[in-house]
Amino acid sequence: MKKFGKIIVPIAIVIILAAFAGIIYYVKVVKPAKEIDEEAGYNANEYIELGKYTGFNYLINQKKFDDLVKEKTFSSESVSRAAKEGDEIEFSYTGYVDGKKVKDLSQENVAVETNQKENAVYSKFTDALIGKKKGDTVTVSIPGKDASIISKDKKKYDGTVTFKLKVEDVNKVDYAKVTDDWVKNESNEEVDTVKDFYDVVEAELDETATADLWQKAIDNATMTNWPPELYNKVKEEEEADARYNADQWDMNLKEWYAMNNETEDSLKKEYLNQVKSTLVMWAIVKEEHITCSDSDIEERYQELFEELKEDGEYKTLDDVKKDYSKSEIREAVYLDKAQQFVYDNSNVKKTYKVPKIK
């Protein structure tokens, strides 16, 4: 067997190779990172430290599938009789601690099915309201520890909390049978067949999974500070959305926030979570060398146009481009790709079975 000696590479070639490697690193890593910072308007890594954002375990089970189908096939009709098992009861409640009304533990017009198990306090309320009619009142006392579950401000209570409940309405609940006729003529989905309906259900379950996994990535990151301009931008956008929704309900902004149990603290928490989400997005985009091409942007513009033209507000694609800047669309594309990266690199297990289509 022949033995070969060591191959000696001339020093000049070593230098050339090292320089070439440096150029490749700059082109593939340094330059794109700088470009991302320019697109963002700041260096996200100065404000955020990524934690774990891949390898999450996530289960989409039969209950999640069935619950979403129930939500989509649900309907209710007001009845004049007393409430019974299986009904949906609309009620208002007022909490009292040591005889004093507590706004944090009071709420108007809550609609709850009698057989729901997600909220233990509401289960106690509906149990007490079975047999009652519209306008009837009842008093329920529960431990403060349990009452804390429905605290709007996430406060903790001790002792005993007394609630005065009033029935606002009693509704008979029905769940439609999923047929082609129901899907096409009565469902809220823009599809025509049972198969298409279940495809929508599965797509929405995936969307929920994507959002949940993304929130895990956000929660695992550490935000040390944030760009003031980013916070202000998020606040303005969120307030604009809230103002639009309030207008749809013929409310002012304050009334809208009150109806949704939003406080100054809860709103700030939402804004900061959105800020953190944006910083995490830019950091992952840089870390994983995620790109956004002109064709990606054009495709997103087209998708947005298809969504908006149905309302009649936008007649052409150019109309959309006037209201939505290229940088806004680019950021939306980056967010979708970053979220998809987290989803694709997690362990998403689906154990549900779609009903057989006859």
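In this text, all values refer to a predicted model and were calculated from it rather than measured experimentally. (Residues numbered from 1 in each chain as written. Predicted model: local features only at pLDDT ≥ 70, side-chain atom pairs only at ≥ 80, totals over all residues. Heavy atoms only, no water.)

K.L.:
Before we go on, may I ask you to explain the overall build of the protein chain in this structure?
P.N.:
The secondary structure content of the protein chain amounts to 12 helices and 9 strands. Relative to the globule expectation of 21 Å for 358 residues, the C-alpha radius of gyration of the protein chain, 27 Å, shows a markedly less compact shape. Every one of the 358 residues in the protein chain was classed for burial, and the buried ones make up 34%. Within the protein chain, residue pairs in contact and separated by at least 24 positions form 73% of the contacts whose partners lie at least 6 positions apart. Of the roughly 22900 Å² of accessible surface on the protein chain, a fraction of 50% belongs to carbon and sulfur atoms. Separation between the mean location of the 54 positive side-chain charges and that of the 73 negative ones in the protein chain comes to 6 Å. (Helix = DSSP H or I, 4+ residues; strand = E, 2+ residues; numbered from the N terminus. Rg over C-alpha atoms; globule rule 2.2 N^0.38 Å. Buried < 20%, exposed > 50% of the residue type's maximum accessible area, 1.4 Å probe, protein only. Contact = heavy atoms within 4.5 Å. Areas by Shrake-Rupley, 256 points an atom, 1.4 Å probe, with all protein chains shown as cover. Lys, Arg positive; Asp, Glu negative; His and termini not counted. Charge placed at Lys NZ, Arg CZ, Asp CG, Glu CD.)

K.L.:
Can you walk me through the confidence of the model for the protein chain in this structure?
P.N.:
Interpretation of this model should avoid reading the predicted coordinates in detail wherever pLDDT is low. Averaged over the protein chain, the pLDDT score is 90; the fraction of residues at 70 or greater is 91%. Low pLDDT, under 50, characterises residues 1-9; the stretch is placed with 1 contact to residues that sit more than four places away or in other chains. In this model, residues 22-31 is a region of pLDDT below 50 whose contacts with residues beyond four sequence positions or in other chains number 7 contacts. (pLDDT = per-residue confidence, 0-100.)

K.L.:
Quick question: what am I supposed to make of the pattern of salt bridges here?
P.N.:
Any two side chains of opposite charge can pair, so long as their charged atoms come close to each other. Counted under the stated rule, the structure contains 18 salt bridges. Connected through salt bridges with shared partners, the residues Lys-63, Asp-67 and Glu-118 form a single ionic network. (Salt bridge = Lys/Arg side-chain N within 4 Å of Asp/Glu carboxyl O.)

K.L.:
Any chance you could explain a negative patch on the surface here in plain terms?
P.N.:
A grouping of Glu-190, Glu-307, Glu-310, Asp-311, Glu-313 and Asp-323 is seen on the molecular surface, where their side chains present a negatively charged patch. Note on placement: Asp-323 falls in helix H11 (residues 317-323). (Patch = residues over 30% accessible without salt bridge, like charges linked within 9 Å, V, L, I, M, F, W, Y side chains within 5 Å.)

K.L.:
Mind showing me how you'd approach the packing of helix H9 (residues 264-287) against helix H12 (residues 326-344) here?
P.N.:
The relative placement of two packed helices is expressed as an angle between their axes plus a distance between the axes. Put simply, H9 and H12 touch, their axes get as near as 9 Å, and they point 75° apart. As judged from the angle between their axes, H9 and H12 are roughly perpendicular. Seen from H9, the contacting residues are Thr-278, Met-281, Trp-282, Ile-284 and Val-285; seen from H12, they are Glu-331, Tyr-334, Leu-335, Ala-338 and Val-342. Tallied by class, residues from the contact of H9 with H12 come to 8 nonpolar, 1 polar and 1 charged. (Axes fitted to C-alpha atoms, helices over the stretch in contact; angles between N-to-C directions. Parallel < 35°, antiparallel > 145°, perpendicular 65-115°, else oblique. Nonpolar A, V, L, I, M, F, W, Y, C, P; charged D, E, K, R; others polar.)

K.L.:
Mind showing me how you'd approach helix H2 (residues 62-73) here?
P.N.:
An α-helical turn contains 3.6 residues, so any two residues separated by three or four positions project in the same direction. Across its 12 residues, H2 extends 16 Å between first and last C-alpha, which sits within 8% of the 16 Å expected from 1.5 Å per residue. Where H2 is buried, its residues touch strand E3 (74-79), strand E7 (160-175), helix H5 (180-185) and helix H6 (194-220). Looking at where H2 begins, the residue whose side-chain oxygen comes 3.3 Å from the main-chain nitrogen of Lys-63 is Asn-61. (Expected span 1.5 Å × (residues − 1). Polar contact = N/O pair within 3.5 Å; in protein donor to acceptor, adjacent residues only side chain to side chain.)

K.L.:
Please explain the packing of aromatic side chains as it appears in this structure.
P.N.:
For any pair of aromatic rings, the description rests on two quantities: the centre-to-centre distance and the angle between the ring planes. Overall, the coordinates contain 18 aromatic pairs when judged by the stated rule. Here the aromatic rings of Trp-182 and Phe-197 are separated by 5.5 Å at their centres, their planes lie at 80°, and the arrangement is edge-to-face. Of this pair, Trp-182 sits in helix H5 while Phe-197 sits in helix H6, placing them 15 residues apart in sequence. Judged by relative accessible area, Trp-182 falls into the buried class, the value being 8%. For the ring pair Tyr-231 and Tyr-271, a centre distance of 6.1 Å and an interplane angle of 80° mean the geometry is edge-to-face. Of the two residues, Tyr-231 sits in helix H7 (residues 228-248) while Tyr-271 sits in helix H9, which places them 40 residues apart along the sequence. (Phe/Tyr/Trp six-rings, centres within 6.5 Å; stacked < 30°, edge-to-face > 60°.)

K.L.:
Mind showing me how you'd approach the packing of H6 against H12 here?
P.N.:
At a minimum axis separation of 9 Å, H6 and H12 run at an interaxial angle of 90°. Relative to H12, the element H6 is oriented roughly perpendicular. Along its contact with H6, which presents Asp-206, Ala-209, Thr-210, Leu-213 and Trp-214, the element H12 presents Leu-335, Ala-338, Gln-339, Val-342 and Tyr-343. Looking at side-chain class alone, the contact of H6 with H12 contains 7 nonpolar, 2 polar and 1 charged residues.

K.L.:
Looking at this model, I keep getting lost on the nonpolar core. Mind explaining?
P.N.:
Tyr-42, Phe-197, Trp-214, Leu-279, Trp-282, Ile-284 and Tyr-334 are the most contacted members of the largest nonpolar core, which totals 64 residues. Excluding residues within four positions of it along the chain, Tyr-42 makes contact with Asp-37, Tyr-47, Pro-227, Glu-229, Leu-230, Thr-278, Leu-279 and Trp-282. Counting residues in each nonpolar core, the second largest holds 23 residues, with Val-102, Leu-105, Phe-125 and Ala-147 among its members. (Core = buried A, V, L, I, M, F, W, Y, C linked by side-chain atoms within 4.5 Å.)

K.L.:
Please explain the environment of Tyr-352 as it appears in this structure.
P.N.:
The topology assignment puts Tyr-352 in the segment after strand E9 (347-350). For the pair Tyr-352 and Asp-66, spaced 286 residues apart in sequence, the C-alpha to C-alpha distance is 8.7 Å. With residues up to four places along the chain from it excluded, the contact list for Tyr-352 reads Ile-60, Asn-61, Gln-62, Phe-65, Glu-202 and Leu-205. Within the local environment of Tyr-352, its side chain forms a polar contact with the side chain of Glu-202, the two groups lying 2.5 Å apart.

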